[in-house]
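# Results of the structural survey
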Amino acid sequence: MANKSANWFKQVGQTSNPLRQRRLRIGVTGLSGAGKTTFITGLINQLENHRKGLLAQRAPFDRLESVRWRRDDVKRPFPYLQSLAALSATPAAWPDSTADLSRVLLDLRFKPQGLLGRLQKGKELSIEILDYPGEWLLDLPLLNLSYGQWCEQMAQWLGQPPRAELAGVLARRLGEIDPVAPADPILLAELAAEWTDFLQRCRSEAGLSRNQPARFLQPGSDVAAQMLHFVPLLQANQHTAGAADSWWALCESRFNYYRDFIVRGFYDEHFRHLDQQVLLVDMLAPMDAGQAALQDLKHAMEAVLESFHYGQNGFLARLLRFRPRIRRLALCATKVDKVGPRQQRAVQQCLEDLMVDRLADVRHGGVEIKGIPLSAIRATRQEGEALVAGLEGKTGWVRYQPGDIPEHLPQSLQVSSPELLPLRPPPGLHRNEPFPHYRMDDLVAWLLQGERL
Ligand SMILES: Nc1nc2c(ncn2[C@@H]2O[C@H](COP(=O)(O)OP(=O)(O)OP(=O)(O)O)[C@@H](O)[C@H]2O)c(=O)[nH]1
Ligand SMILES: [Mg+2]
């Protein structure tokens, strides 16, 4: 009997004690401009204001007692206050595009439930999210390439529109370099700067996503500028070899450093030990930019999805030698407030059409995918069939009817543009009020689904 009651106390002790603080690592993945920073800002805001928004009515948030955004003991904290300052300015502005890595830590405390409730302390959950420049994701495929293979791939890309036109004389100059000739470091630095300009044109003029090496566009704080002095040598291939002072040797060693330390270091940090994954995709901008941008987005997203350690065989899983953990993926078309409520599902459908093959692979690897058309901060309000919103950098309002969104994406990827306007955030945003949104509550609830709180 004595033993029995001792056990009982032990059990109660266990349920009322530690192991309360669980950490949930959420991977927010999206290319540059997908809406990661806005989403993370919106997520903190919705959680901080859980008592007032739609979350208050949903389990387990109806038991959420307190939320604390931690910044003092966090290395490189997420610039939440800067984002809020921009959003609540007059006229309101979006947060800046991200230039470096930062981290969010949120502590959530839930009231206990059930019969033993009164004996228990509240359960705590710590949410951790990284924010980073979206460009960095596009370096992912480099992990699988040698320098020679990368040169071959760049020669192929430069041979096709629109990169052929955007590269102009640079392609000829790179094609003239004999890889085994002695290198000229000054010319190399010049060519690396021109390659950076070319990548910028690819991004801004043609809306292309795959712009490598990404750190040329967004170096971050931990990369020495000189380590970014390399270019693809268009005469080289995977069988090339050159003496220690050759163009080949210099570019290859910098490429290898870039791949093995910078790219791999980032992916290790971003992908390791993730519990949940949110994939954000701006589908509207490439639909507006046209077929080439959609095609490029498709390839870029396929490369990104390929790398997640879904299922047993993702190449990153093999490279980094860790086993898959993620079992669920939220796939979100972002900024859907730019179109009418009835068109939002169509945007999501077009995204799922674009990625149909890769999504089938991911599902086959045992991952459950949830599609959520999302707007982290709703910039429009509806008036009949029209939308009303303010334009970026201006005061006043416009009333407009968004163009058509097809129910499905045609295989040709030729769609008529939905006519996008550069919208500014809605007025009157304040840290202590939940921001207007579309389906952030669904997403937040999904993130915590399955947690024993
Ligand atoms: N209308 C609307 N626009 C949005 C929303 N979220 C983001 N945007 C727009 O998309 C732009 C890019 O959003 P960011 O959150 O900076 O994107 P990001 O993924 O962090 O981009 P990088 O930092 O460059 O990797 C913003 O400047 C806004 O113009 C949204 O919910 N609604
Ligand atoms: Mg950002």
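Residues numbered from 1 in each chain as written. Chains lettered and ligands numbered in written order. Predicted model: local features only at pLDDT ≥ 70, side-chain atom pairs only at ≥ 80, totals over all residues. Heavy atoms only, no water.

Binding of the magnesium ion (ligand 2) to the protein goes through Thr37 (OG1) and Thr98 (OG1), at separations of 2.0 Å. With Thr37 in helix α2 (residues 36-48) and Thr98 in the loop between α3 (80-87) and β3 (102-110), the pair connects residues that are 61 residues apart, well separated along the chain. Residue classification places Thr98 among the buried residues on the basis of a relative accessible area of 15%. (Donors = N, O, S within 2.8 Å, 3.2 Å for Na, K, Ca; no water. Helix = DSSP H or I, 4+ residues; strand = E, 2+ residues; numbered from the N terminus. Buried < 20%, exposed > 50% of the residue type's maximum accessible area, 1.4 Å probe, protein only.)

Below, the discussion takes up the site of ligand 1. Near ligand 1, the surroundings consist of 21 residues, among which Lys36, Thr38, Ser97, Thr98 and Gly134 are the closest. A distance of 2.9 Å separates an oxygen atom of ligand 1 from a polar side-chain atom of Ser32. Ser375 is positioned with one of its side-chain polar atoms (N or O) 3.1 Å from an oxygen atom of ligand 1. Here ligand 1, which alone exposes 640 Å², has 91% of that area covered by the protein. Classifying every residue of the shell around ligand 1 gives eight nonpolar, nine polar and four charged. (Near = heavy atom within 4 Å. Polar contact = N/O pair within 3.5 Å; in protein donor to acceptor, adjacent residues only side chain to side chain. Areas by Shrake-Rupley, 256 points an atom, 1.4 Å probe, with all protein chains shown as cover. Nonpolar A, V, L, I, M, F, W, Y, C, P; charged D, E, K, R; others polar.)

On to the pattern of salt bridges. Following the criterion strictly, the structure yields 28 salt bridges and no others. Between Glu48 and Arg431 there is a salt bridge; the shortest N-O distance is 2.8 Å. Separated by 383 residues along the polypeptide, Glu48 in helix α2 and Arg431 in the loop between β10 (398-400) and α14 (440-448) bring together distant segments of the chain. Under the relative-accessibility criterion, Arg431 is labelled partly exposed at 29%. (Salt bridge = Lys/Arg side-chain N within 4 Å of Asp/Glu carboxyl O.)

Time to look at the sheet that holds β3. Strand order in this open sheet of seven strands is β2-β3-β4-β1-β5-β6-β7, and the pairing throughout is mixed. A single partner strand is all that each edge strand has here, and the edge strands are β2 (64-70) and β7 (368-371). For this sheet, the mean inter-axis angle between neighbouring strands, taken without regard to orientation, is 20°. In this structure, strand β1 (residues 22-29) lies alongside strand β5 (residues 276-281), joined through four bridges in parallel fashion. (Pairing = 2+ DSSP bridges. Axes fitted to C-alpha atoms, helices over the stretch in contact; angles between N-to-C directions.)

In this section: the environment of Asn211. Tracing the backbone through its elements, the reader meets Asn211 in the loop between α7 (185-206) and α8 (247-271). On the basis of relative accessible area, Asn211 is assigned to the buried category, the value being 2%. A C-alpha to C-alpha distance of 8.3 Å links Asn211 and Asp139, two positions 72 residues apart in sequence. Beyond its immediate chain neighbours, meaning those up to four positions away, Asn211 contacts Arg163, Leu199, Cys202, Arg203 and Leu217. A polar contact is formed between the side chain of Asn211 and the backbone oxygen of Leu208, at a distance of 3.1 Å. (Contact = heavy atoms within 4.5 Å.)

Time to look at the domain arrangement of the chain. Segmenting the chain into domains produces domain 1 (22-136 + 268-448) and domain 2 (142-262). Spacing between the C-alpha centres of domain 1 and domain 2 amounts to 32 Å. Contacts between the two partners involve 17 residues from domain 1, matched on the other side by 18 residues from domain 2. Both sides together, the interface formed by domain 1 and domain 2 hides about 1400 Å², and carbon and sulfur atoms give 55% of it. The tally of links from domain 1 across to domain 2 stands at three salt bridges. One salt bridge connects Arg203 with Glu135, and the closest N-O pair in it is separated by 2.1 Å. Across the contact surface, domain 1 and domain 2 share six residue pairs in polar contact (both at pLDDT 80 or more). Elements represented by at least two residues in the side of domain 1 that touches domain 2 include exactly α10 (291-307) and α11 (315-320). Each residue belonging to the side of domain 1 that touches domain 2 can be placed in one class, and the counts come to eleven nonpolar, two polar and four charged. (Domains from an automatic or database assignment. Buried area = accessible area lost by both parts, 1.4 Å probe.)

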